[in-house]
Amino acid sequence: MTNLNIILFLCGWGPHAAYQALQDNASDIPPEIKMVRIPCSGRISKALLFKPFEMGADGVMLIGCEPGSCRYGTGTATAENNVEDTRGILDLLGLGKDRLRLVTFLPDESDALLRFLKDFVSQIKNIGKSPVVPPPKETPIAEIDELIIQTVTKYDVYACQDCGKCTSACPLTLAGKPFSPRAIANIIISGNIEAPSVQNDIWSCLTCGLCYERCPSAVNFSEFIRDIRHILRKRGFDGHKAHGGFFQSLMRTMTSQDLKIKHWEWLPKEIRTDNESKILFFGGCASYLDIFFRNHLGVQTRDILVDSLRLLNFFDIYPAVLEEERCCGHDLLWSGDKENFLRLARLNVDAIHKMDIQEVITACPEGYRTFVHDYPEHGIEVNFKVTHIYELLEREIDKGAVGFKKLNHRLTFQDPCRLSRLENSADLPRKLLNRLHPKAFTEMQDRETGATCCGNCAWIGCDSFSKAMQVKRIRQAHDTYSDLLVTACPKCQIHLRCAMEDPFIGEELNTRMMDLVSVLARTIQWE
């Protein structure tokens, strides 16, 4: 077998003493192991645990202190949670959870440590080499100045009237961040793309589209920022990634063609699918989000997928699912990694075309936008219809004989930017909301195409100002006297719930949330 590549993250306290004894005694430590000394097992985040797998590692070990002996108190417990979540994601990816292990040792347990190292290497040999092929390094752009001019021209940024309507509407600016879309545009037009203000602020933009909504010159600032990020990435600037860049790393890993992803093996038995169907349901990244955040935010984004399929089954639609479904690549594209976005796009579209699918249904606003606009815009031919589930449900319900049980809640609604504003489809969820029978449905102050973003997009630029936006949005929801905040995007649910975990005002912000498809699935009935 080709030499294995196994990474060992080794706590620098107790277990390092045991490892040092092995080295001092010239013990036969397996040569496949590459050791990285770390200050504490709890410092190795999920992003750091996963990164070696993106780079083609065959196995990863995290060795920490015995519970109760951690010098930092909670390091071992934190490591247990991080490893559990990462193993779950490795399992979904088809890499297998057994490629990642957490163990603990005391300083005098060098013999037991050596046995474990040998056993783990033997186990990885039995599993085999990882199918992950690290993505190729970025090819630098030679004519970057010309590319900037082309991008400025493409979006007609020269038409900016310097009126300031974009800045006065920007939710980040209103949250107190010294951020100005028109200032960024002016600096880039002047050719100073490497100015510190551009380097900092280009990654802060939410790309929520509110500035485009208000711009009298119709400058599509969100897409302009997206393409400038791509140029900057080519220059070696990669922005400020949330969660250590875990989700970008995950998506780049998915560009390996030989991965045997297990995207749907967890589905409840009562959900019916049919892989001979000409209709396909595309789930997106909700399964991974559910695992990643379960020990932190307690999200249940898988429910969105299950309830979407349950609604389709209600109308006797038994769709196909793509067993090896990959993420659509939205977050790669909008964080500047266009090359790997295109690799993911081709893998997804080729797999769907091979199934001879005529219509793809998705419940994710980002996935919908990516299939409808971003794939074709970037030269990926899509030979099937793409339908958001709200459109399908409204069509089916409108045929008659369908009603909804009374809902013992007062509702308000959080608009997703990609559907309500960038797609100009704020009416779609509202048609369905108005069919429900709640105690009340009251809109928030900022709504529809003027709605406030949940505070983050593509897992970049998350900071205290994003948090301030989330707090403001939840307080707007409370002002409606609602007791159920209905969302329509898994990320809105995650980001708003994050604000509710604030140790000082979290209890004040706490409110129940549920995705619209879940509300519909749990109240729909034949009449």
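Scroll up a little and you will see the structure.
How each quantity is defined
- Residues numbered from 1 in each chain as written.
- Predicted model: local features only at pLDDT ≥ 70, side-chain atom pairs only at ≥ 80, totals over all residues.
- Heavy atoms only, no water.
- Core = buried A, V, L, I, M, F, W, Y, C linked by side-chain atoms within 4.5 Å.
- Buried < 20%, exposed > 50% of the residue type's maximum accessible area, 1.4 Å probe, protein only.
- Helix = DSSP H or I, 4+ residues; strand = E, 2+ residues; numbered from the N terminus.
- Contact = heavy atoms within 4.5 Å.
- Pairing = 2+ DSSP bridges.
- Right-handed = clockwise from strand over helix to strand, strands pointing away.
- Axes fitted to C-alpha atoms, helices over the stretch in contact; angles between N-to-C directions.
- Parallel < 35°, antiparallel > 145°, perpendicular 65-115°, else oblique.
- Left-handed = near helix turned anticlockwise from the far one by under 90°.
- Nonpolar A, V, L, I, M, F, W, Y, C, P; charged D, E, K, R; others polar.
- Expected span 1.5 Å × (residues − 1).
- Phe/Tyr/Trp six-rings, centres within 6.5 Å; stacked < 30°, edge-to-face > 60°.
- Lys NZ or Arg CZ within 6 Å of the ring centre and 35° of its normal.

A. Fine view of the nonpolar core. Counting 106 residues, the largest nonpolar core has Ile 89, Leu 93, Leu 250, Tyr 288, Phe 293, Tyr 390 and Leu 393 as its most contacted members. Broken down by element, the residue count for this core peaks at seven residues, all from helix α14 (residues 302-314). Aside from chain neighbours lying at most four places away, what touches Phe 293 is His 243, Phe 247, Gly 298, Val 299, Trp 459 and Ile 494.

B. The arrangement of the pairing of strand β12 (residues 484-487) in detail. The alternating pattern of β12 places Leu 484 and Val 486 and Leu 485 and Thr 487 on opposite faces, both of which are buried. Judged from the three bridges that link them, β12 and strand β13 (residues 513-515) form a sheet pairing that is parallel. Bridge pairing links Val 486 to Met 514 in β13.

C. Focus on the pairing of strand β3 (residues 59-64). Most of β3 sits inside the fold, with six of its six residues counted as buried. Side chains Gly 59, Met 61 and Ile 63 of β3 all project onto a buried face; the interleaved residues Val 60, Leu 62 and Gly 64 project onto the opposite face, where all are buried too. Where strand β1 (residues 6-11) meets β3, five bridges bridge the pair, whose relative direction is parallel. In the strand pairing of β3, Phe 9 is matched with Leu 62. With five bridges connecting them, β3 and strand β4 (residues 100-104) associate as parallel partners. Across the sheet, Leu 62 pairs through a bridge with Leu 102, a residue of β4. Taking the sense of rotation as the criterion, the β-α-β connection linking β3, helix α3 (residues 75-93) and β4 turns out right-handed.

D. Highlighting the side chain of Ser 204. Looking at the element boundaries, Ser 204 is found in the loop between α9 (196-201) and α10 (210-214). Apart from residues lying up to four places away in sequence, Ser 204 is in contact with Leu 172, Lys 177, Phe 179 and Arg 229.

E. Structural view of the packing of helix α12 (residues 246-253) against helix α13 (residues 286-293). As a packed pair, α12 and α13 sit with axes 12 Å apart at the nearest point and diverge in direction by 135 degrees. Between α12 and α13, the angle is such that the two are oblique. For the element pair α12 and α13, the recorded crossing hand is right-handed. Facing α12, whose interface residues are Phe 246, Phe 247 and Leu 250, α13 presents Tyr 288, Leu 289, Phe 292 and Phe 293. Class assignment for the residues of the contact of α12 with α13 results in seven nonpolar, no polar and no charged.

F. Representation of α14 in the model. Counted at 1.5 Å a residue, the expected span for α14 with its 13 residues is 18 Å, and the 18 Å between its end C-alpha atoms agrees. Inspection of α14 places Ile 304, Leu 305, Val 306, Asp 307, Ser 308, Leu 309, Leu 311, Leu 312, Asn 313 and Phe 314 among the buried residues, and these make up the whole buried set. Directly after α14, the chain includes Asp 316, whose backbone phi takes a positive value near 60 degrees.

G. Highlighting α3. Taking 1.5 Å of rise per residue, 19 residues should cover 27 Å, and α3 covers 27 Å from first to last C-alpha, within 8% of that figure. One or two residues past the end of α3 sits Gly 94, with phi positive at roughly 85 degrees.

H. Focus on the sheet that holds β13. The parallel open sheet is built from four strands, whose spatial order is β11-β10-β12-β13. The open sheet terminates on both sides in strands that have one partner only, identified here as β11 (437-441) and β13. This sheet shows a mean twist of 45 degrees between the axes of neighbouring strands, independent of strand direction. Across the sheet, helix α22 (residues 490-499) lies against β12 and β13, angled at about 170 degrees from β13, the strand it touches most.

I. Spatial organisation of the packing of aromatic side chains. Tallying each qualifying case throughout the model produces 22 aromatic pairs. Residues Phe 314 and Phe 315 carry aromatic rings whose centres are separated by 5.1 Å and whose planes lie at 85 degrees to one another, so their mutual orientation is edge-to-face. By way of ring pairs, the aromatic residues Phe 50, Phe 53, Phe 246, Phe 247, Phe 292, Phe 293 and Trp 459 are connected into one cluster. Its end group placed over the ring of Tyr 72, Arg 43 keeps NZ or CZ at 5.1 Å from the ring centre. The ring of Trp 334 has Arg 418 sitting right over it, with the charged end atom 4.3 Å from the ring centre.

J. The packing of helix α2 (residues 46-54) against α12, seen in detail. Packing of α2 against α12 leaves a shortest axis separation of 9 Å and a crossing angle of 20 degrees. In terms of orientation, α2 and α12 fall into the roughly parallel class. Seen from above, α2 lies across α12 with left-handed handedness. Here Lys 46, Ala 47, Phe 50, Lys 51 and Glu 54 of α2 come into contact with α12, specifically with Phe 246, Ser 249, Leu 250, Arg 252 and Thr 253. In terms of residue class, the contact of α2 with α12 is made up of four nonpolar, two polar and four charged.

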